[in-house]
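Tertiary structure, described
Chain by chain, the residues run as shown.
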Amino acid sequence: MFHILHQRYADHIDQIERLMAEEIAYWDWDDIPQMKALVMRYLARSGKRLRPLLGLLFAELYGGRLEAIYWPAAAIETYHTATLVYDDIQDNSEFRRGLPCAHVTASTSTAMNLAAVTRSFMYHFVHRSPHLNATQKVEVHQMLDHASTLVTLGQSIDIGWHEGWYSTYQSLPYERMIQWKSASLFGCIAAISAMLSGNDSNAVLQAKEIGIEIGLLFQMVDDYLDIFGDPKVMRRPLFTDFCEGKVTYPVICLFNRLSSCGKGDMIDHVLQRLEQRDAHQEDWQWLVDLMLDFEIDECLRNQFQEKVKQLTCSIGKIARSTGAQESLNMFVDTLVSPVNSGQRA
């Protein structure tokens, strides 16, 4: 269903992408055409443009001007792209969106600089926006600063798990990790849209909280699809989180079930296999079967549907337009649609 929303807001998404292209063109690349090519290539790997789209939806929900969101949305998207490059390096991932990662096709140093260059564009969009006054630029800047710090703190938790900072899976603050690392940018763009639409601080906070809940749902569904999804739809192999030794939401749910059944030895076995972090380990079916035996897939699907109901209720309380409410509800529904239609047999 994302294609429906993208068609509906295509002109606005095109304008946001045009701003990103213009920012690249603004700078002098004569002595570093290779870096320019990398930056252009990565910013063109558009994915679904979820965060800019969410910003447009929240602006419409509050009756704001969608044009005012273009520049902050471009800032969020370029920053998000930079974090993906860093994330791939730290996770030693080989593919992103079906294509080789930057540190694989180039070098780690080049990839790190690519991320740094891309991240540096973020604030220029805010300062160049003709739709923001001086006060609004400061407020947007502060929101971006806050979110960007949370993203790196969340990544610190992710790294900390592999570094042995958490002695047990119970001590790993998983929900805080994904709230900071993944959901904070969703909350940020929702709050910016609410603020630029003329809302008071309470409404801005409410929008931020709903955006964060949407981001949490997105990440939990992504964790699920890495195990039970369709690799053709996702454009990446399954079990990448297992290969990278990650303790994701489905794994935590499995551990909780095993613990309640007194099967601590099975938890230890799973953790030992994950700790190997074997990027080329393909035989994870035993772990999938274990999850199916304990009905983790069904449990998660039920949780996702409950979260969708809660979000639908929250959105309905703040909506000022039926059409905008329906569009944002469609966004949320689309996040979980692969769980119902695209899962593996």
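Our structure is the block above this text.
Conventions adopted
Residues numbered from 1 in each chain as written. Predicted model: local features only at pLDDT ≥ 70, side-chain atom pairs only at ≥ 80, totals over all residues. Heavy atoms only, no water. Axes fitted to C-alpha atoms, helices over the stretch in contact; angles between N-to-C directions. Helix = DSSP H or I, 4+ residues; strand = E, 2+ residues; numbered from the N terminus. Parallel < 35°, antiparallel > 145°, perpendicular 65-115°, else oblique. Left-handed = near helix turned anticlockwise from the far one by under 90°. Contact = heavy atoms within 4.5 Å. Nonpolar A, V, L, I, M, F, W, Y, C, P; charged D, E, K, R; others polar. Phe/Tyr/Trp six-rings, centres within 6.5 Å; stacked < 30°, edge-to-face > 60°. Expected span 1.5 Å × (residues − 1). Polar contact = N/O pair within 3.5 Å; in protein donor to acceptor, adjacent residues only side chain to side chain.

**Details of the packing of helix α11 (residues 201-228) against helix α17 (residues 296-318)**
At their nearest, the axes of α11 and α17 sit 11 Å apart, and the two run at 160 degrees to each other. The angle between α11 and α17 places the two elements in the roughly antiparallel class. The crossing of α11 and α17 is left-handed. Of α17, the residues touching α11 (which contributes Gln206, Ile210, Glu213, Ile214, Leu217, Met220, Val221, Tyr224 and Phe228) are Asp297, Leu300, Arg301, Phe304, Lys307, Val308, Leu311, Ser314, Ile315 and Ile318. By residue class, the composition of the contact of α11 with α17 is 13 nonpolar, two polar and four charged.

**Concerning the packing of aromatic side chains**
In the structure shown here, the tally under the stated rule is 10 aromatic pairs. Taken together, a centroid distance of 4.9 Å and an interplanar angle of 40 degrees make the contact between Tyr224 and Phe228 tilted. One end of the pair is Tyr224 and the other is Phe228, both in helix α11 and four residues apart, which spans about a single turn. An aromatic cluster is defined as three or more aromatic residues linked by ring pairs; in this entry it consists of Phe239, Phe242, Trp284 and Trp286.

**Let's talk about helix α9 (residues 134-163)**
Over its 30 residues, α9 runs 43 Å from end to end, which matches the ideal 44 Å to within 8%, given 1.5 Å per residue. You can read the cap of α9 off the contacts: a side-chain oxygen lies 3.1 Å from the backbone nitrogen of Thr135, and it is on Asn133. Gly164, located one to two residues past α9, shows a positive phi value of around 80 degrees.

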